Amino acid sequence: MGEIQRKFDAISKKYDEQRRKFIPCFDDFYGAAVSVASVDAKNPDILDIGAGTGLLSAFLMERYPDASFTLIDISEKMLDMAKDRFRNNSKVKYIAADYSKYDFSEKYDMVVSAVSIHHLEDKEKKELYKKSYSILKKNGVFINADQVHGETLFIENLNKTTWRQHIESSGLPEEEILAGYERVKLDKDSSLDQQLDWLKEAGFCDVSCIYKHYQFAVMFGRKLGKK
């Protein structure tokens, strides 16, 4: 994870601005994730894994202004941006650590993530989904807004070609585009079907892909009946 940490430390200050341009379906993608973030608790405890600058948490905070948030990310510089963003909110905690190895001691109403889990190997993703299930409260929800691998080689090439066309007409400076392409080399995307199966194997019910636009998908699952 060291190379990932270095590359994301380097872009921490420009990350939010870039993400809007690197994700063609930005508004719908994040909007779908927030729309399914429904739990019984009025002021839920929310864990944001791979939280970065706190972008997904910021959208969830608009829906749940009095929720308690825990943000975990391997990049301290990204979390520094989140700390600045949420400096007036005392209900936000920060953990600078590798979430795939971290031993969580609390339980949450929601475990959420945006554009992060694809950096893990398949085995690590499966373990993270099991861990996420174990730290959710009864009736808690898991939401992963992430990029997925194409179902076939043709679809994968179509997804990536369409994405590159969007990026290169986005107005981003060439050096930022090239840096983005370098970061993509660190990706370990898994297929959507695989990941939905892993969520079911972890124990989640009502597992679904709520939204999909080319390689960008919002995956959802619920934990029922167990504390």
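Shown above is the structure to which this text applies.
Residues numbered from 1 in each chain as written. Predicted model: local features only at pLDDT ≥ 70, side-chain atom pairs only at ≥ 80, totals over all residues. Heavy atoms only, no water.

Draft legend 1. Expanded view of the pairing of strand β4 (residues 108-114). Among the 7 residues in β4, 7 count as buried, and that is most of the element. Of the pairings in the sheet, the one linking strand β1 (residues 45-49) to β4 comprises 3 bridges and is parallel in character. Each bridged residue has a counterpart across the sheet, and for Ile46 the counterpart in β4 is Met110. Sheet topology note: the β4/strand β5 (residues 136-147) ladder contains 6 bridges and is parallel. In the strand pairing of β5, Met110 is matched with Val141. For the crossover from β4 across helix α6 (residues 122-134) to β5, the handedness is right-handed. (Buried < 20%, exposed > 50% of the residue type's maximum accessible area, 1.4 Å probe, protein only. Helix = DSSP H or I, 4+ residues; strand = E, 2+ residues; numbered from the N terminus. Pairing = 2+ DSSP bridges. Right-handed = clockwise from strand over helix to strand, strands pointing away.)

Draft legend 2. Region of interest: the packing of aromatic side chains. Taken as a whole and judged by the stated rule, the model has 11 aromatic pairs. Ring centres of Phe26 and Phe59 lie 6.1 Å apart, and the angle between their planes is 65 degrees; this geometry places the pair in the edge-to-face category. Highlighted residues: Phe26 in helix α3 (residues 26-35) and Phe59 in helix α4 (residues 55-63), separated in sequence by 33 residues. Summarising the aromatic geometry, the rings of Phe29 and Tyr30 are spaced 5.5 Å apart at their centres and angled 85 degrees between planes, so their arrangement reads as edge-to-face. With relative accessibility at 0%, the residue Phe29 sits in the buried group. Clustering of aromatic rings is evident, with ring pairs tying together Phe26, Phe29, Tyr30, Phe59 and Phe216. (Phe/Tyr/Trp six-rings, centres within 6.5 Å; stacked < 30°, edge-to-face > 60°.)

Draft legend 3. Region of interest: the environment of Phe86. Mapped onto the elements of the fold, Phe86 is located in the loop between α5 (76-85) and β3 (92-96). Overall, Phe86 belongs to the buried group, its relative accessible area being 5%. Put simply, Phe86 and Gly150 are 64 residues apart on the chain and 36 Å apart in space, counted from C-alpha to C-alpha. Non-local contacts of Phe86, meaning those with residues more than four positions away in its chain, are made with Gly54, Ser57, Ala58, Met61, Leu71, Val92 and Tyr94. (Contact = heavy atoms within 4.5 Å.)

Draft legend 4. Representation of the nonpolar core. Formed by 43 residues in total, the largest nonpolar core has its most connected members in Phe29, Tyr30 and Ile143. A per-element tally of this core places α3 first, with 6 residues. If we ignore the near neighbours within four places in the chain, the residues touching Ile143 are Ala33, Val36, Ala37, Val111, Val112, Ser113, Val218, Met219 and Phe220. Core analysis: the next-biggest nonpolar cluster, separate from the first, contains 27 residues, Phe104, Tyr129, Leu196 and Met219 among them. (Core = buried A, V, L, I, M, F, W, Y, C linked by side-chain atoms within 4.5 Å.)

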